[in-house]
Amino acid sequence: MGKIRVRFAPSPTGPLHIGGARSALFNYLYAKNTGGRFILRIEDTDLERSSRESEENILASLKWLGLEWDEGPDIGGDYGPYRQTERLDIYKKYIERLLAEGKAYYCYCSEEELEFERQECLGRGEVPKYSGKCRNLTPEERKKLEDEGRKPVVRFCVPSNREILIPDKVRGDVVFDSDGIGDFVIVKSDGIPTYNFAVVVDDFTMEITHVIRAEEHLSNTPRQILIYEALGITIPEFAHISLILGSDRSKMSKRHGATSVVQYKEEGYLPEAVVNFLALLGWSPVGEEEVFSLEETAEQFSLARVAKNPAVFDMDKLRWLNGVYIRNCPLPRLAEMALPYMQKGGYISSEPTQDELAWLSLVVTALQEKLTTVGDIIGFMPLFTGDDVVIDGEEQLELLKEDTFLPMITAFCENLSALEDLNPVAVKTLLKGLTKELGLKGKQVYMPLRVALTGQKHGPELDYLISILGKETSKKRLSRTAEQAGLKIPLT
RNA sequence: GGCCCGGUGGUCAAGUGGUUAAGACACGGCCCUUUCAAGGCUGUAACACGGGUUCGACUCCCGUCCGGGUCACCA
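Treat the numbers as computed from the prediction; the structure is a model and nothing was measured. (Residues numbered from 1 in each chain as written. Chains lettered and ligands numbered in written order. Predicted model: local features only at pLDDT ≥ 70, side-chain atom pairs only at ≥ 80, totals over all residues. Heavy atoms only, no water.)

Caption draft 1: The sheet that holds strand 3 (residues 104-107), seen in detail. Overall, antiparallel pairing links the three strands, which are arranged 3-4-7 in an open sheet. Among the strands making up the open sheet, the edge pair consists of strand 3 and strand 7 (185-187). For this sheet, the mean angle separating the axes of adjacent strands, direction not counted, is 45°. Relative to strand 7, strand 4 (residues 153-156) is paired through two bridges, and the arrangement is antiparallel. Its bridge partner lying in strand 7, Val154 is registered against Val187. (Pairing = 2+ DSSP bridges. Helix = DSSP H or I, 4+ residues; strand = E, 2+ residues; numbered from the N terminus. Axes fitted to C-alpha atoms, helices over the stretch in contact; angles between N-to-C directions.)

Quick look at the structure:
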């Protein structure tokens, strides 16, 4: 077998969909696993809906996911161009061949005529299918129609009573009957080929060996096979992967939550987590381990272990995986990812100072094991900023009414003021010393202090919390809390 | 509706005629931790239904039901 070549061929009509990302991923994994090449081709024959902006978005999303391609519109390659609208002259050759051989023909039917035919079919209880009435137009008839100003399309002659077999790598053999397929359009009236035609010519001329794509394309495949046969060109291998479903088992759409890759990026998911999750949606590793890097996944990947049944997008599992990657993330990178959120939230200036960055680093350290997405960091910020404390509940208030509370908090403030360098280690030592010095139990120090500082019973480690708050804010918060509890502490 | 593809716990998903039917997420419990989270241990929970074939079916065949895809001058 020659070198394996696979492709991802999105149409640039919107941002990269999560399902598209999975198709791209499976192609990528297959290429890497087999030492083949991963090609990116832009299917922009729908002039109305295609845009460069979408194309750029798709490329950016793929790059973000780490799915680098070997050939594509931006980097070129030996089989270019990689945008269908730039390959029109290539398609033309093949169209003419089909026309000359009588395997395709011009059709002048108007939309109204087609719709009328369709309704008639439906009325008779038949499957709507093009009648093929333009198949045998004489040159005179054609001229007459053209003089009327009609713009023809080119239709493919679908042979009757043919069994079309698709050997599918994930589904096994799938058989279709050509009688269920009407003569379909291969060139639109604007002269641009349709998907079904362009995809065949491109996959052939780009020497694609394996077409791995979503299942929604399965019922298009017999049309494509017919074209391959009419052209007498090599048919690639096919592998149709099942769709991603929303929680209600219908095709994933907006109402199921985020559907585009950029949305996940914006919410603070790590690309490794998204890729890992997507790989697990439809493919399964041999062992029990499920957390893999892209490279590790590629090493193990095989089409034989791709499931046939559609998969529901399990947001909970994605969130869990993202948490795993966040916890394993080196601090500097996590801080870097958190920075934009903090700037947007107004916690850090657009030109961060050294102090701000040091503070951020501390915040990220304190929160690393609590975050599910990087964006979640904003929700924790009230904990670390501002002088106000809202005592949130009776239980909390009770803790402040202990006799030991006032002396403890007073001593704490004194010791804190005396501290030369405020950092988690120093605070930890301080708290230990404080407990010992006052002869208190941990219970009488840690929890009351936490509540006095944050109003809440839960939260990050106190040594980090206090280091992040700083001396002044800590003391301000303590005195306000004391007031709420009806106590007075001297600010030192 | 025609054609096509599916149907193992709530979700993902191993399984390829004989298994105590893995594992992961989620959920419950316990441990750890003077908090939460994380982590460790543990528990609840599944072969859509009905017929065959077979000594034996989750696994093979047929039917039913359910879900999805597709029937465009969109890809």
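Caption draft 2: Examining the protein's contact with RNA strand B more closely. In the vicinity of RNA strand B lie 55 residues, with Arg171, Asn220, Lys370, Gly442 and His458 positioned nearest. Sugar plus phosphate, as a fraction of atoms of RNA strand B within 4 Å of the protein: 73%. A distance of 2.8 Å is found between a base nitrogen of RNA strand B and a backbone nitrogen or oxygen belonging to Lys443. Those elements that provide at least two residues to the surface near RNA strand B are strand 4, strand 6 (172-177), strand 11 (311-312), helix 11 (315-327) and helix 18 (442-454). Sorting elements by how many residues they give to the surface near RNA strand B places helix 18 first, with five residues. (Near = heavy atom within 4 Å. Polar contact = N/O pair within 3.5 Å; in protein donor to acceptor, adjacent residues only side chain to side chain.)

Caption draft 3: View of the packing of helix 6 (residues 195-205) against helix 7 (residues 221-231). Packing of helix 6 against helix 7 brings their axes to within 9 Å, and their N-to-C directions diverge by 55°. One finds that helix 6 runs oblique with respect to helix 7. With respect to the hand of their crossing, helix 6 and helix 7 are arranged in right-handed fashion. Only Arg223, Gln224, Ile227 and Tyr228 of helix 7 make contact with helix 6, whose side of the interface consists of Tyr195, Asn196, Phe197, Val199, Val200 and Asp203. Taken together, the residues of the contact of helix 6 with helix 7 break down into six nonpolar, two polar and two charged. (Parallel < 35°, antiparallel > 145°, perpendicular 65-115°, else oblique. Left-handed = near helix turned anticlockwise from the far one by under 90°. Contact = heavy atoms within 4.5 Å. Nonpolar A, V, L, I, M, F, W, Y, C, P; charged D, E, K, R; others polar.)

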